[in-house]
Amino acid sequence: RNNAEKFEFQAEVSRLMDIIINSLYSNKDIFLRELISNASDALDKIRFLSLTDKEVLGEGDTSKLEIQIKLDKEKKMLSLRDRGIGMTKEDLIKNLGTIAKSGTSAFVERMQSTGDLNLIGQFGVGFYSVYLVADYVEVISKHNDDKQYVWESKADGAFAISEDTWNEPLGRGTEIRLHLRDEAQEYLEESKLKELVKKYSEFINFPIYIWASKEVDVEVPADEDESSDEESSDSTSSEEGEDEAEKSEDEDTEKKPKKKTVKETTYEWERLNDVKAIWLRSPKDVTNEEYVKFYHSLTKDFSDEKPMAWSHFTAEGDVEFKAVLFVPPKAPHNLYQSYYNSNKSNLKLYVRRVFISDEFDELLPKFLSFLMGLVDSDTLPLNVSREMLQAHSSLKTIKKKLVRKALDMIRRIADEDPDEFSGKDEKDVEKSGDEDEKKGQYTKFWNEYGKSIKLGIIEDATNRNRLAKLLRFESTKSDGKLTSLDQYISRMKSGQKDIFYITGISKEQLEKSPFLERLKKKNYEVIFFTDPVDEYLMQYLMDYEGKQFQNVSKDGLKIGKDSKSKELKDSFKELTKWWKGTLKTEDVDEVKISNRLDNTPCVVVTSKFGWSANMERLMQAQTL
Ligand code: ADP
Ligand code: MG
């Protein structure tokens, strides 16, 4: 083409394409899922723009927000067209080849080590999966702000862009033409395509059509012309009775004008999906399997793992919305890395079924940013900018309710886990059928997201007690397992008022601590807090169920009643006085008779409101 401009793929993208082309990955179907997902994203974008400017949709067919699929057996070509936002020339150059996304090299690495391409969409490079089945791809695109262009590549390290002067004008949107490889001809079979589209479009909120063939009966005059005769007998040869009768009748009444029925293939758009969004359905009508599938399509996580839990509910009252929340099976690898710089939640926001954004800050507090899901509100206004929406007063209410529901959902993981302490009588605990699946789930949850719960206790004063219920830790009595505050309380000795804990680097180190001597001997339980964040946590968590927390390495420890303490104090008065006088006042506040030791003669204790030794250590590490 004489007006074509050539571009080289960015190096990482080129590598990615090479690997895809040469991949032995057997599940090649996934390319269709990625194309449909891109088409749907593009439609979401134009629909969002149209909220504030109706004009952008254009007129006639161009304004129809839909996806169309066509097969061309002669040209060995599969094409998928959307009437979405389209791409300008610059978009084509950037999005399809010259700018690598952050996930590109991560995905290349993953493919090289596992050979698995299934998660390609999660890494933001799903488009390139077309080269699993095609050796030549054309992307024709028309954006409102530019002319129509064609992007094309044979995946040989380069692509070309030309102004489109020969194809039919698209109006707006994108058409992707896949010139299928010889071994991928199955994707020209209508039945195969229908089956795949149905599978991959279950949660797509735009209609998808296929240009489908249909056999119809048509009546044609039956003259003596052999060709038409042959055609008719050919296409009706498999049918019996009626045709025979018709034929003999034909022969009998020779000179009358004759008519006969022949089969003809016609084409028409056939709709392949219905778009009733899952979150609009009543939760009791949605199966577990459907939720799991919805989770996979929502997050593009097409691994075999199921979400740990989900919650689907409708909020009514001043602010109405529907929501589905999921706890993903694994925390994303960078969950805490950008914790303090980013407010991004993983919830998609819809307003009256219209997708608004998946980067909306105000829906969940940071500590719940590991949750995935969707919110659809009828209360929020549709025709305002994202900024105005972000500041809308209903968002506070939505957020508050989402947090409540999220905490309930997490609590349920624990409640349904047979390995967890419920505090209830064995016979009162409702046992559900899939107990095996629920076994150990809460420990799994805690290992993935425990830190988030702790950050929540620090940040969310309103829900502090609810979050504290979700806390897990080891203790002097937990026998290497995790235990909870409720469990701790159920084991408290009579007369014990406080919840005892100690902070430090590791359980092994803490177990040897002289601070525990007396407590252990007297059979009191002490919690081990060994995560750096625990030290901060305990500055916020003052009490639980009316019990105070007492750091056993700090001043003020009271272990039950000690009748001898007054006596001891008096008889050692001279010694403590001398000792205090000998040490400098900058170094110690006080010298006291201790009730926490057994074998060790003395320990240095920090003051009740001062930093613990562990906190000093942490602060030092931070300033280094
Ligand atoms: P992702 O969808 O995760 O962004 P892809 O590799 O699937 O990654 O697509 C890359 C980019 O190409 C998209 O972000 C989008 O900007 C653009 N794109 C792909 N397909 C279309 C389309 N049908 N319409 C408009 N833009 C598209
Ligand atoms: Mg995509």
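Residues numbered from 1 in each chain as written. Chains lettered and ligands numbered in written order. Predicted model: local features only at pLDDT ≥ 70, side-chain atom pairs only at ≥ 80, totals over all residues.

**A look at the site of ligand 1**
Here's step 1: Ligand 1 sits among 17 residues. The nearest are N38, A42, N95, G126 and F127.
Here's step 2: Broken down by secondary-structure element, the contributors of at least two residues to the shell around ligand 1 are α2 (30-52) and α3 (89-98).
Here's step 3: For the shell around ligand 1, the element with the highest residue contribution is α2, accounting for 5 residues.
Here's step 4: The class makeup of the residues in the shell around ligand 1 is 7 nonpolar, 7 polar and 3 charged. (Near = placed C-beta within 6 Å. Helix = DSSP H or I, 4+ residues; strand = E, 2+ residues; numbered from the N terminus. Nonpolar A, V, L, I, M, F, W, Y, C, P; charged D, E, K, R; others polar.)

**Description of the sheet that holds strand β16 (residues 499-503)**
Here's step 1: One open sheet accounts for 5 strands, arranged β15-β17-β16-β19-β18; its pairing is mixed. Looking at which strands have only one partner, the edges of the open sheet turn out to be β15 (474-475) and β18 (543-544).
Here's step 2: Relative to strand β19 (residues 547-551), β16 runs parallel, the two being bridged by 3 bridges. Each residue of the ladder has a partner; that of Y501, found in β19, is N551.
Here's step 3: Docked against the sheet, helix α17 (residues 532-540) engages β16, β17 (526-529) and β19, running at close to 145° with respect to β16. (Pairing = 2+ DSSP bridges. Contact = placed C-beta atoms within 7 Å. Axes fitted to C-alpha atoms, helices over the stretch in contact; angles between N-to-C directions.)

**Quick look at the confidence of the model for the protein**
Here's step 1: On average, residues of the protein score 87 in pLDDT, and 90% of them are at 70 or above.
Here's step 2: Considering only residues more than four positions removed or in separate chains, one finds that residues 228-247, a stretch of pLDDT under 50, has 10 contacts. (pLDDT = per-residue confidence, 0-100.)

**Describing the nonpolar core**
Here's step 1: Among the nonpolar cores identified, the biggest contains 71 residues, and L371, V375, Y501, V526 and I527 are the most heavily contacted of them.
Here's step 2: Considering each element in turn, this core owes the most residues, 8 residues, to helix α10 (residues 394-416).
Here's step 3: Listed in part, the 57 residues of the second largest apolar core include L43, I46, Y131 and L170. (Core = buried A, V, L, I, M, F, W, Y, C linked by C-beta atoms within 7 Å. Buried ≥ 20, exposed ≤ 12 C-beta atoms within 10 Å, placed from the backbone.)

**Considerations on the pairing of β19**
Here's step 1: Looking at chain direction, β18 and β19 are connected through 2 bridges and run antiparallel. Each bridged residue has a counterpart across the sheet, and for Y544 the counterpart in β19 is K547.
Here's step 2: Where β18 hands over to β19, the hairpin turn is made up of 2 residues, of which E545 adopts a positive phi near 50°.

**Looking at the sheet that holds strand β11 (residues 321-327)**
Strands belonging to one sheet form pairs held by backbone hydrogen bonds; the direction of such a pair is parallel or antiparallel.
Here's step 1: Here 5 strands make up an open sheet; going across it, the order is β10-β11-β14-β12-β13 and the pairing mixed. Of all the strands in the sheet, just β10 (309-315) and β13 (354-357) have a single pairing partner and so form its edges. Pairwise comparison of adjacent strand axes, ignoring direction, gives a mean angle of 20° for this sheet.
Here's step 2: The pairing of strand β12 (residues 346-351) with strand β14 (residues 372-377) spans 6 bridges and is parallel. Within the sheet, the bridge partner assigned to Y350 lies in β14 and is D376.
Here's step 3: Of the strands in this sheet, β10, β11 and β14 touch helix α8 (residues 288-299), which is tilted by about 95° from β14.

**Description of the packing of helix α12 (residues 441-459) against α17**
Here's step 1: The contact between α12 and α17 brings their axes to 8 Å, and the two run at 35°. Of the two possible hands of crossing, α12 and α17 adopt the one that is left-handed. Contact residues: α12 offers K451, K454, I457 and I458, while α17 offers V533, Y536, L537 and Y540.
Here's step 2: Considered class by class, the residues forming the contact of α12 with α17 number 6 nonpolar, no polar and 2 charged. (Left-handed = near helix turned anticlockwise from the far one by under 90°.)

**Describing the packing of α2 against helix α5 (residues 190-200)**
Working note: a packed helix pair is described by the angle between its axes plus the distance between those axes.
Here's step 1: Between α2 and α5, the least distance of the axes is 10 Å, while the angle of their chain directions is 55°. The orientation of α2 with respect to α5, classified from their angle, is oblique. Of the two elements, α2 crosses α5, and the hand of that crossing is right-handed. Contact residues: L32, R33 and I36 in α2; L196, V197 and Y200 in α5.
Here's step 2: For the contact of α2 with α5, the residue count by class is 5 nonpolar, no polar and 1 charged. (Parallel < 35°, antiparallel > 145°, perpendicular 65-115°, else oblique.)

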